[in-house]
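Inside the fold
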Amino acid sequence: ALILTFLSCIIILLTLPISICLCIKVVQEYERAVIFRLGRLRKGGAKGPGIFFVIPCLDNYCKVDLRTVSFDVPPQEILSRDSVTVTVDAVVYYRVHNPTIAVSNVENFSHSTRLLAATTLRNVLGTKNLSEILSERETISYVMQAALDEATDPWGVKVERVEVKDVRLPVQLQRAMAAEAEAAREARAKVI
């Protein structure tokens, strides 16, 4: 490894005006570069923001965005604890807090976080009754955020926020609930 690095440095010096374009890289304020030399992670962690130096053919680097990313969890058909099928979707906000771990510990941290969010949504809502799902959205969001944050911490990802967007009931259930509410109003009117 040291011999290859030494030979690469000599070639860079011999072809200096041209090689400088291939050796100097720039990352933005909101990005970090994780550098691998001959397949091994370089010491010092992620580089950036600003200019950094790579040796062509020996170094590979991966840019990681540190900004908060939001994504929609696709609508999930969930069977609640009281055997009612509802369709629920959510929004998850996350960011990378350790780019080195995000690149080296999981193949694709973004895709893995998306899949885990969909699974966690189904798992959390599967333990709730329909009335709890409809009335306790903030509690459900907090439980989901805690579960996702704990699961994604080894990947270098911090889940900042989870919001349950929409709970859609089946049409037959909506009609039944409307009929029940109408009957309750009529019963109250007859009492008065």
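So, here is what we can say about the structure in this document. (Residues numbered from 1 in each chain as written. Predicted model: local features only at pLDDT ≥ 70, side-chain atom pairs only at ≥ 80, totals over all residues. Heavy atoms only, no water.)

Moving on, we get to the packing of helix α1 (residues 2-14) against helix α2 (residues 16-23). For the pair α1 and α2, interaxial distance at closest approach is 6 Å and the crossing angle is 120°. Between α1 and α2, the interaxial angle falls into the category oblique. Each of I12, L13 and L14 in α1 lies in contact with α2, whose residues at this interface are L16, S19 and C23. Residues belonging to the contact of α1 with α2 are distributed by class as follows: five nonpolar, one polar and no charged. (Axes fitted to C-alpha atoms, helices over the stretch in contact; angles between N-to-C directions. Helix = DSSP H or I, 4+ residues; strand = E, 2+ residues; numbered from the N terminus. Parallel < 35°, antiparallel > 145°, perpendicular 65-115°, else oblique. Contact = heavy atoms within 4.5 Å. Nonpolar A, V, L, I, M, F, W, Y, C, P; charged D, E, K, R; others polar.)

To continue, consider the pairing of strand β2 (residues 31-37). Counting buried residues along β2, five of its seven residues qualify, which places the element largely inside the surrounding structure. As judged from the seven bridges shared by β2 and strand β5 (residues 59-65), these two strands associate in the antiparallel manner. The partner of R37 across the bridge, within β5, is D59. Across two bridges, β2 lies against strand β3 (residues 40-41) in antiparallel orientation. The residue of β3 that forms the bridge with F36 is L41. The turn joining β2 and β3, which pair antiparallel and follow one another in sequence, is formed by two residues; a positive phi near 55° is taken by L38. (Buried < 20%, exposed > 50% of the residue type's maximum accessible area, 1.4 Å probe, protein only. Pairing = 2+ DSSP bridges.)

This brings us to the packing of aromatic side chains. Within the structure shown, the criterion is met by two aromatic pairs. Ring centres 5.5 Å apart and planes at 80° place the aromatic pair F52 and Y61 in the edge-to-face group. Classification of Y61 as partly exposed rests on a relative accessible area of 33%. An angle of 65° between the planes, with centres 5.8 Å apart, marks the rings of F71 and Y94 as edge-to-face. One end of the pair, F71, is in strand β6 (residues 69-79); the other, Y94, is in strand β7 (residues 85-96), and 23 residues separate them in sequence. Considered together, F71 and Y94 belong to a single accessibility category, that of buried residues. Positioned over the ring face of Y30 is R67, at 3.8 Å from the centre of the ring. (Phe/Tyr/Trp six-rings, centres within 6.5 Å; stacked < 30°, edge-to-face > 60°. Lys NZ or Arg CZ within 6 Å of the ring centre and 35° of its normal.)

Over its 17 residues, helix α4 (residues 109-125) extends 24 Å from the first C-alpha to the last, a length consistent with the 24 Å expected when each residue adds 1.5 Å. Listed as buried for α4 are F109, S110, S112, T113, A117, A118, T120, L121, V124 and L125. (Expected span 1.5 Å × (residues − 1).)

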